[in-house]
Amino acid sequence: MRAQLAEPDELELADVELVDRARQDTESFEDLYVRYRDRIYAFAYRRTWTQEAAEDVTAATFERAYRHLDRFDASGAGFGPWLYRIAANELVDHYRREGRSRSPRGQRALQTLADDRSIDDLEAVERESDVRQMLDAFSTLRPRYQEALSLRYLSGLSADEAATAMGCSKPVLAVTLHRALTALRRAVERAGVAA
Amino acid sequence: MTMTDARLTGLLEELGARPVPALSRDASARLDDRIAALTGPRGAPLREDEPRSPGVVVAFPRRRRRLHWSQRCASGSFGDGGPSRRRRTRAIATAAAAAAAAVIVAAVPAGSPAGRSGQGPDPGLSLASARNATVLLPDGSAITAHVGLSLPEGAIVTTGPGGHAAAGGVELGPGGEAVVSDGELAPAVPVPPLSAPLPPTLPLPIVPSIPATVPASPLP
């Protein structure tokens, strides 16, 4: 397989080549899809914690990427970060459609998350509770904050890659992340007071 | 409750590092189908396990020969033959498809149901795209709509808010409902919401009541 033999730079180059080909030859897009499918699915799953939602988001991500392939700028961050950004936006749309985590699917996702790990001590119980509250509050944030936090912490992208994926510099991303974290903390606090 | 930024960052990083269950084979196939439908030459792909008419096989030889996505992944057959072979194969497939389509168009008059009820098995209607949609099958079972799903006669496709479905060139928007009738997706007539103003009604003319029994007139 090419991907296993290629160095990181060569891998990105291969992505760009595949995108170039995919603009004329749809089968090259299928190669890109195979290369990124599992990664995008894992990214979506970490936000939604349900397989069906992660599937929907993954499919929608590739559908949108395919339709807007002509907008991909090869001189930018690379295909991977570009795809992650689309996925992050799809997640925002997903939560908007689903009525956030108050929907049955959202509740199921939080339950899945709670069931996902064995909780055998007090500290772990508190941590799980915090995670659930944080995820509940996450989807109430402004889309740009959700995008920044998802790309930086849930996608596995480095700070540089996340910044280029968002189309901003690293310092701007740092400021955005700081504001997003502040907004998230306040949302968690509001949810705690409301509860 | 109070949570510091550091605590939130720690939780996010922990969440990002948690293992994710691998895509199941079914889920993987569903996803592959959706993408194949997007990139394929003719909408919904044909699954290996679905019946197909001889006409379709002749018309689209590329689909027939092509392995399923998951099989291609498993066998590592990507890249075999290179792009030139792919282009050659596709050129042949496109030419064959065009020729077969021309024959079909010439043989079947526009709008005639002969193409569906004529010779050979019916290829059936299948979903070309689906999002947030449900299909109620004639046997009463409801399943989540996905691309490539066969729609038997009488099946009802319902889309939720923000949902979308398409089959046989008919698209269904959010909150829509359509019935498969005569091999086509027929959108149901929208029912006006209860809050919608009712159309003005004309006053009924007052008709004098007719006595149930007519008094017998005295005979002359």
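For every chain, the first residue of the written sequence is number 1, and numbering continues from 1 along that sequence. For naming, the first written chain is A and the first written ligand is 1, with later ones following in the order written. Two thresholds apply to this predicted model, a pLDDT of at least 70 for residue-level local features and 80 or more for giving and counting side-chain atom pairs, whereas whole-chain, interface and lining totals are computed over all residues. To get the side-chain values, all heavy atoms of the structure are used, and hydrogens and water are removed first.

Peer 1: How would you sum up the overall build of chain B? Please name residues and give values.
Peer 2: Only DSSP runs of H or I covering at least 4 residues are called helices, and only runs of E covering at least 2 are called strands; the numbering of each starts at the N terminus. Of the regular secondary structure elements, chain B holds 7 helices and 7 strands. In chain B, the succession of helices and strands from N to C terminus is α-α-α-α-α-α-α-β-β-β-β-β-β-β. Think of it in three bands: with a 1.4 Å probe and only protein chains considered, a residue is buried below 20% of the maximum accessible area for its type, exposed above 50%, and partly exposed in between. Counting all 220 residues of chain B, 31% fall into the buried class. Surface exposure here means Shrake-Rupley accessible area, sampled with a 1.4 Å probe, where a residue is shielded only by the protein chains that are shown. Here chain B has roughly 13500 Å² of accessible surface; of this, 63% comes from carbon and sulfur atoms.

Peer 1: Tell me about the overall build of chain A, and please be specific about residues and values.
Peer 2: Along its length, chain A carries 10 helices and 0 strands. Listing every helix and strand of chain A by position from the N terminus yields α-α-α-α-α-α-α-α-α-α. The buried share of chain A, taken over its 195 residues, is 53%. Considering only contacts in chain A between residues 6 or more positions apart, those separated by 24 or more positions represent 63%. Total accessible area on chain A stands at roughly 9100 Å², and carbon and sulfur atoms take up 47% of it. Contacts are residue-level and defined by heavy atoms, with any inter-residue pair within 4.5 Å sufficient.

Peer 1: Could you give an account of the packing of aromatic side chains, with specific residues and numbers?
Peer 2: Residues and elements named next belong to chain A. Paired rings are identified among Phe, Tyr and Trp, the last through its six-membered ring, by centres lying within 6.5 Å, and are further divided according to the angle between planes into stacked (under 30 degrees), edge-to-face (over 60) and tilted (the rest). Applying the stated criterion across every chain yields a total of 10 aromatic pairs over all chains. Considering the side-chain rings of Phe29 and Tyr66, the 5.0 Å spacing of their centres and the 65° angle between planes classify their relative orientation as edge-to-face. Highlighted residues: Phe29 in helix α3 (residues 26-48) and Tyr66 in helix α4 (residues 51-67), separated in sequence by 37 residues. Its relative accessible area of 0% is what places Phe29 among the buried residues. Geometrically, the ring pair formed by Phe72 and Phe79 is edge-to-face, given 5.8 Å between the ring centres and 80° between the ring planes. As far as the burial class goes, Phe72 and Phe79 line up, both buried. A positively charged side chain is recorded as over a ring if its NZ (Lys) or CZ (Arg) lies within 6 Å of the ring centre. The angle to the ring normal must also be within 35 degrees. Looking at Arg142, its charged tip hangs above the ring of Tyr145, at a distance of 4.9 Å from the centre.

Peer 1: Help me get a handle on helix α9 (residues 159-166) of chain A, residues and values and all.
Peer 2: Residue and element names in this part refer to chain A. Along α9, the residues classified as buried are Ala159, Ala162, Ala163, Ala165 and Met166. An end-on view of α9 places all buried positions within 160° of arc, on one side of the element. In the segment just after α9, Gly167 is the residue with positive phi, at about 75°. To obtain the arc, one takes the directions from the helix axis to the C-beta atoms.

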